[in-house]
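Architecture at a glance
Here is how the chains run, residue by residue.
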Amino acid sequence: MYARRRHVYFAMMGTCLALFVLAWGVVRLWSVPVAVGMCVVAMVIPPLAAMVANRRGPDDRWWDDPSGDPKSDEWWDELDGRRRP
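These numbers come from a predicted model, not from an experiment.

**Description of the packing of aromatic side chains**
Under the definition given, this model contains one aromatic pair. With centroids separated by 5.4 Å and ring planes inclined at 70 degrees, the aromatic side chains of Y9 and F10 adopt a geometry described as edge-to-face. Overall, Y9 belongs to the partly exposed group, its relative accessible area being 26%. What makes F10 exposed here is its relative accessible area of 54%.

**Observations regarding the confidence of the model for the chain**
This prediction gives the chain a mean pLDDT of 84; 84% of its residues lie at or above 70. When pLDDT is averaged over each helix and strand of the chain, the minimum, 77, is found for helix α3 (residues 70-80) and the maximum, 94, for helix α2 (residues 32-54).

**A short note on the packing of helix α1 (residues 2-25) against α2**
At their nearest, the axes of α1 and α2 sit 8 Å apart, and the two run at 165 degrees to each other. Between α1 and α2, the angle is such that the two are roughly antiparallel. As α1 packs across α2, the resulting crossing turns out to be left-handed. Each residue belonging to the contact of α1 with α2 can be placed in one class, and the counts come to 24 nonpolar, one polar and one charged.

Here is what the cut-offs are and how they apply
- Position numbers for residues count from 1 along each chain, tracking the sequence in the order it is written.
- Given that this is a predicted model, residues contribute local features only at a pLDDT of at least 70 and side-chain atom pairs are listed and counted only at 80 or more, while totals for whole chains, interfaces and linings are drawn from all residues.
- Note that the side-chain values use all heavy atoms of the structure and ignore hydrogens as well as water.
- Working definition: a ring pair exists when centres of Phe, Tyr or Trp rings (six-membered ring for Trp) sit within 6.5 Å. Plane angles under 30 degrees give stacked, over 60 give edge-to-face, the rest tilted.
- Burial classes: relative accessible area under 20% of the type maximum marks a residue as buried, over 50% as exposed, and values in between as partly exposed (1.4 Å probe, protein chains only).
- pLDDT runs from 0 to 100 and stands for how confident the predictor is about each residue.
- Only DSSP runs of H or I covering at least 4 residues are called helices, and only runs of E covering at least 2 are called strands; the numbering of each starts at the N terminus.
- Angles shown run from 0 to 180 degrees and are taken between the N-to-C directions of axes, each axis being a line fitted to C-alpha atoms and, for helices, limited to the stretch in contact.
- Our angle categories are set so that under 35 degrees counts as roughly parallel, over 145 as roughly antiparallel, 65 to 115 as roughly perpendicular, and the remainder as oblique.
- It is the rotation of the near helix from the far one that decides the hand of a crossing: anticlockwise by less than a right angle makes it left-handed, clockwise makes it right-handed.
- When residue character is reported, Ala, Val, Leu, Ile, Met, Phe, Trp, Tyr, Cys and Pro are called nonpolar, Asp, Glu, Lys and Arg charged, and the others, Gly included, polar.

What follows is the structure, encoded as structure tokens:
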């Protein structure tokens, strides 16, 4: 899942960069308002890309990693209904 999120992140950031470069390198010659609109869209993409890249997937098991304290881990496992070998 990490590789997929990373690929989506780089695709989104590449799209952002392409929109910005095309807006001011090509599109502004025909229409400045369209170029500004493209930059506004490009401005929204990086925060969305960061959210996608940092999202936890269903396979990411961060909440039940062992804490290092055997008594605490045993207690949490008992609460969750799991038995550790």
